[in-house]
Amino acid sequence: MSTHQTLTKPRSVSELKGMIVAAGLRLPEQQERVARTALARPDIVAFGTISSLASECVVSPSTVMRVASALGFDNFKEFKLLFQQHLRSIAANNGPF
(Lines give C-alpha, C1' and ligand atoms only; values in the text may rest on other atoms or scores of the structure.)
Protein backbone atom coordinates (compact mmCIF):
# COMPACT_ATOMS: atom_id res chain seq x y z
CA MET A 1 0.00 0.00 0.00
CA SER A 2 1.32 3.40 -0.86
CA THR A 3 1.33 6.22 1.68
CA HIS A 4 -0.56 8.28 -0.89
CA GLN A 5 -3.75 6.28 -0.46
CA THR A 6 -6.38 7.74 1.81
CA LEU A 7 -6.69 5.81 5.04
CA THR A 8 -9.55 5.87 7.49
CA LYS A 9 -8.37 7.49 10.69
CA PRO A 10 -7.98 4.81 13.40
CA ARG A 11 -9.96 5.20 16.62
CA SER A 12 -7.44 3.45 18.89
CA VAL A 13 -3.78 2.52 19.03
CA SER A 14 -4.77 -1.14 18.66
CA GLU A 15 -6.72 -0.27 15.53
CA LEU A 16 -3.73 1.72 14.26
CA LYS A 17 -1.44 -1.30 14.75
CA GLY A 18 -3.93 -3.59 13.04
CA MET A 19 -4.40 -1.17 10.17
CA ILE A 20 -0.66 -1.02 9.55
CA VAL A 21 -0.35 -4.82 9.58
CA ALA A 22 -3.51 -5.58 7.59
CA ALA A 23 -2.94 -2.92 4.98
CA GLY A 24 0.71 -3.75 4.57
CA LEU A 25 1.49 -0.06 4.96
CA ARG A 26 5.00 0.69 3.82
CA LEU A 27 6.65 3.89 4.94
CA PRO A 28 10.02 5.36 4.02
CA GLU A 29 12.73 4.51 6.56
CA GLN A 30 12.55 7.74 8.58
CA GLN A 31 8.75 7.68 8.69
CA GLU A 32 8.78 4.05 9.76
CA ARG A 33 11.14 4.98 12.60
CA VAL A 34 8.60 7.56 13.81
CA ALA A 35 5.69 5.09 13.56
CA ARG A 36 7.61 2.36 15.40
CA THR A 37 8.68 4.77 18.15
CA ALA A 38 5.11 6.04 18.56
CA LEU A 39 3.73 2.52 18.89
CA ALA A 40 6.50 1.36 21.22
CA ARG A 41 6.47 4.49 23.39
CA PRO A 42 3.01 6.08 23.21
CA ASP A 43 3.94 8.44 26.05
CA ILE A 44 6.38 10.26 23.77
CA VAL A 45 3.52 11.18 21.44
CA ALA A 46 0.88 11.74 24.13
CA PHE A 47 2.97 14.13 26.21
CA GLY A 48 5.37 15.47 23.62
CA THR A 49 5.41 17.87 20.74
CA ILE A 50 6.14 17.43 17.07
CA SER A 51 9.65 18.67 17.76
CA SER A 52 10.28 16.37 20.73
CA LEU A 53 9.08 13.31 18.77
CA ALA A 54 11.18 14.37 15.79
CA SER A 55 14.22 14.79 18.03
CA GLU A 56 13.67 11.38 19.66
CA CYS A 57 13.51 9.77 16.20
CA VAL A 58 16.31 11.89 14.70
CA VAL A 59 14.05 13.18 11.92
CA SER A 60 12.60 16.55 10.96
CA PRO A 61 9.27 17.80 12.32
CA SER A 62 7.90 17.65 8.77
CA THR A 63 8.62 13.91 8.74
CA VAL A 64 6.48 13.52 11.85
CA MET A 65 3.68 15.41 10.09
CA ARG A 66 3.99 13.15 7.04
CA VAL A 67 3.65 10.07 9.26
CA ALA A 68 0.51 11.40 10.92
CA SER A 69 -0.93 12.19 7.50
CA ALA A 70 0.07 8.81 6.06
CA LEU A 71 -1.74 7.12 8.96
CA GLY A 72 -4.98 8.96 8.24
CA PHE A 73 -4.79 11.93 10.60
CA ASP A 74 -5.50 15.51 9.56
CA ASN A 75 -2.82 16.92 11.84
CA PHE A 76 -0.45 16.12 14.69
CA LYS A 77 -3.02 17.19 17.28
CA GLU A 78 -5.36 14.36 16.17
CA PHE A 79 -2.44 11.91 16.18
CA LYS A 80 -1.44 13.01 19.68
CA LEU A 81 -5.03 12.78 20.95
CA LEU A 82 -5.23 9.11 19.92
CA PHE A 83 -2.20 8.33 22.08
CA GLN A 84 -3.51 10.39 25.00
CA GLN A 85 -6.78 8.45 24.87
CA HIS A 86 -4.82 5.19 24.72
CA LEU A 87 -2.86 6.03 27.87
CA ARG A 88 -6.04 7.17 29.67
CA SER A 89 -7.66 3.86 28.80
CA ILE A 90 -4.71 1.91 30.18
CA ALA A 91 -4.74 3.97 33.37
CA ALA A 92 -8.50 3.51 33.82
CA ASN A 93 -8.23 -0.25 33.33
CA ASN A 94 -5.42 -0.54 35.88
CA GLY A 95 -7.45 1.20 38.58
CA PRO A 96 -6.10 3.20 41.50
CA PHE A 97 -2.67 2.51 42.90
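The structure displayed is predicted, hence computed values, not measured ones.

Engineer: Looking at this structure, how should I read helix H6 (residues 76-94)?
Structural biologist: In a regular helix each residue adds 1.5 Å, so 19 residues correspond to 27 Å; H6 covers 27 Å between its end C-alpha atoms and thus fits that length. Two or three places before lysine 77, at the opening of H6, asparagine 75 has a side-chain oxygen 3.1 Å from that residue's backbone nitrogen.

Engineer: Before we go on, may I ask you to explain helix H2 (residues 29-40) in this structure?
Structural biologist: Because an α-helix completes one turn every 3.6 residues, residues spaced three or four positions apart along the sequence face the same direction. Helix length check: H2 (12 residues) gives 16 Å between terminal C-alpha atoms against 16 Å at 1.5 Å per residue, within 8%. Three or more residues of H2 are buried, namely Gln31, Val34, Ala35, Thr37 and Ala38. When H2 is viewed along its axis, its buried side chains cluster within an angular range of 165 degrees and face the same direction. In H2, those exposed residues whose orientation departs by more than 90 degrees from the buried face are Glu29, Arg36 and Ala40. Close packing links the buried residues of H2 with helix H3 (42-47), helix H4 (50-57), helix H5 (61-70) and H6.

Rules of the game
The numbers attached to residues start from 1 for each chain and follow its sequence in the written order. pLDDT decides what is reported in this predicted model: residues at 70 or higher carry local features, side-chain atom pairs at 80 or more are listed and counted, and totals for whole chains, interfaces and linings draw on all residues regardless. Just so you know, side-chain values use all the structure's heavy atoms and leave hydrogens and water out. By the criteria applied, helices consist of DSSP H or I runs no shorter than four residues and strands consist of E runs no shorter than two, each listed in order from the N terminus. For a helix, the expected span equals 1.5 Å multiplied by the number of residues minus one. In protein, a polar contact requires one atom able to donate a hydrogen and another able to accept it; more generally it is a pair of N or O atoms within 3.5 Å, and residues adjacent in sequence count only if both atoms are side-chain atoms. Any residue under 20% of the maximum accessible area for its type is buried, any over 50% is exposed, and the rest in between are partly exposed; the area is computed with a 1.4 Å probe on protein chains only. This arc is built from the directions going out from the helix axis to the C-beta atoms. Only heavy atoms matter for contacts: two residues are in contact if any of them lie within 4.5 Å across the pair.

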